[in-house]
Protein chains: 2
Amino acid sequence: MADEAIKQIGKVPEPTLRRLPWYLAFLKLMKGWGETFVSSTQIAKQINVDPSQVAKDLSYVNISGKTRVGYEIAPLVDGLEHFLGFTDCHKAFLFGVGSLGAALLHDSGLNQYGLQIVAGFDIRPELVGTVINGISVYHLSEFSKREKEYEATIGIITVPVDKAQEVTDMIIASGIKALWNFTPFRIRVPENVVVQNTSIYAHLAVMFNRLNSIS
Amino acid sequence: MADEAIKQIGKVPEPTLRRLPWYLAFLKLMKGWGETFVSSTQIAKQINVDPSQVAKDLSYVNISGKTRVGYEIAPLVDGLEHFLGFTDCHKAFLFGVGSLGAALLHDSGLNQYGLQIVAGFDIRPELVGTVINGISVYHLSEFSKREKEYEATIGIITVPVDKAQEVTDMIIASGIKALWNFTPFRIRVPENVVVQNTSIYAHLAVMFNRLNSIS
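An account of the accompanying structure is given in this report.

Thresholds, definitions, all that
Residues numbered from 1 in each chain as written. Chains lettered and ligands numbered in written order. Predicted model: local features only at pLDDT ≥ 70, side-chain atom pairs only at ≥ 80, totals over all residues. Heavy atoms only, no water. Axes fitted to C-alpha atoms, helices over the stretch in contact; angles between N-to-C directions. Helix = DSSP H or I, 4+ residues; strand = E, 2+ residues; numbered from the N terminus. Left-handed = near helix turned anticlockwise from the far one by under 90°. Contact = heavy atoms within 4.5 Å. Nonpolar A, V, L, I, M, F, W, Y, C, P; charged D, E, K, R; others polar. 1 Å grid on protein atoms, 1.4 Å probe; cavity = no way out; pocket = protein on both sides within 12 Å on 5 of 7 lines; lining within 4 Å. Points joined across faces, edges and corners; volume = space filled by probe spheres on them. Buried < 20%, exposed > 50% of the residue type's maximum accessible area, 1.4 Å probe, protein only.

Let's shift gears to the packing of helix 2 (residues 14–32) of chain B against helix 5 (residues 73–83) of chain B. Residue and element names in this part refer to chain B. Contact geometry for helix 2 and helix 5: axes closest at 10 Å, N-to-C directions at 145 degrees. For the crossing formed where helix 2 meets helix 5, the hand is left-handed. Residues Leu17, Leu20, Tyr23, Leu24, Leu27, Lys28, Met30 and Lys31 of helix 2 lie in contact with helix 5, whose contacting residues are Ile73, Ala74, Leu76, Val77, Leu80, Glu81 and Phe83. Split by residue class, the contact of helix 2 with helix 5 holds twelve nonpolar, no polar and three charged.

Rendered as structure tokens:
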């Protein structure tokens, strides 16, 4: 209970965690332009948030600006990348090498953000045994064996909707504690398991609706 | 001003638009199981929202449940798919055929959600002239010519961060009114242009942070 309370105090709010990568992208751009210092006002103007919010968000990274000159860009970039976990290597398994799953295997950009997909799993004979972008695809029945071999800590779910919960349960049973769910299905997990839902098709629904209302 | 007021009244809230695809996925699953009716309580339990919220969200789709039996599943699935724009064909151009861009060209699943990527653009000689998953990649300088040919209404931005604003400005100048921004850069657009930001790497940051706090 006491441990839990400490964790809660130190917990970075999700909106902050989602804004920090925006700041990072802008700071890397400024660094590329040869700039050395940046103010929270400059960041705020670019990202379209309040300057006090920027300062508050950055205080979680334990970096504070100096009066007049602001933040030094190079250490701020390094600090943010480290804080966000982008400099670590988190190993992940991908479940369901369909259209979206295979697309993610192709996205080497994930490596730069600290995620390394080490293996894919599927049940379709035409996919099992293939190698996509250097990543082997195994039969789902080999999962527990491969889990011991690779020691992945994250499961990426790109299976069909009607298999999402079943695969989720199997992944959790293996001890994996974080799931990145790309299906439009709302998976159920125990409390101590982390889930991020990235339903890119839901973003499409918003875009189509707004497009209709302006045209 | 009056038009604007009418539009505001009829505007579906973004959280509703993001929840509706979750309902749809679950309803299609139930339909596959051979079920014919569903209650808002059943949907609510599955999606982990309040039953009154489900009823309110579904009222935007102009479908109401019947006392005791609830909603008829088949027309609700059809109604939702139509309402969300998934049954239409929205043509899109993709800008930046790098790792993530090429991955999206590979994702044929987008077609089932009403999005058809009709062409890709890049400036790298090794990419220009290639065909990925049946989609041609053109040089960026051909954009205005191809825009007349394909008449796309959506621009997907997967260029490097330092090119994001420049490409955005060029796309908007062509008359395209909706942008799907996958870069971690906060693009600036005029008021009458629709933007959806899908920064999948920001989701990674949240996941890594939460994973650290439980382990």
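Read on, since the account is not over.
To continue, consider empty space enclosed by the protein. If a probe as big as a water molecule is rolled over the atoms, it shows which places are left empty. Tallied over the entire structure, the rule returns one cavity of 30 Å³ or more. Taken as a whole, the largest cavity holds about 90 Å³ of empty space. Looking at the lining of the largest cavity, the elements that each hand over two or more residues are helix 6 (99–106) of chain A together with helix 6 (99–106) of chain B. Its residues assigned to classes, the lining of the largest cavity comprises ten nonpolar, no polar and no charged.

Here we come to the environment of alanine 119 of chain B. Residues and elements named next belong to chain B. Inspection of the secondary structure assignment puts alanine 119 in strand 4 (residues 115–122). For alanine 119, a relative accessible area of 0% translates into the label buried. Along the chain, alanine 119 and glycine 65 lie 54 residues apart, while their C-alpha atoms are 42 Å from each other.

For the rest of this paragraph, the subject is the environment of valine 159 of chain B. Residue and element names in this part refer to chain B. For valine 159, the location among the structural elements is in the loop between strand 7 (154–157) and helix 9 (164–173). Take valine 159: its relative accessible area is 12%, and that puts it in the buried class. Other than its neighbours up to four places away in sequence, valine 159 contacts Phe95, Gly96, Ala164, Val167 and Thr183.

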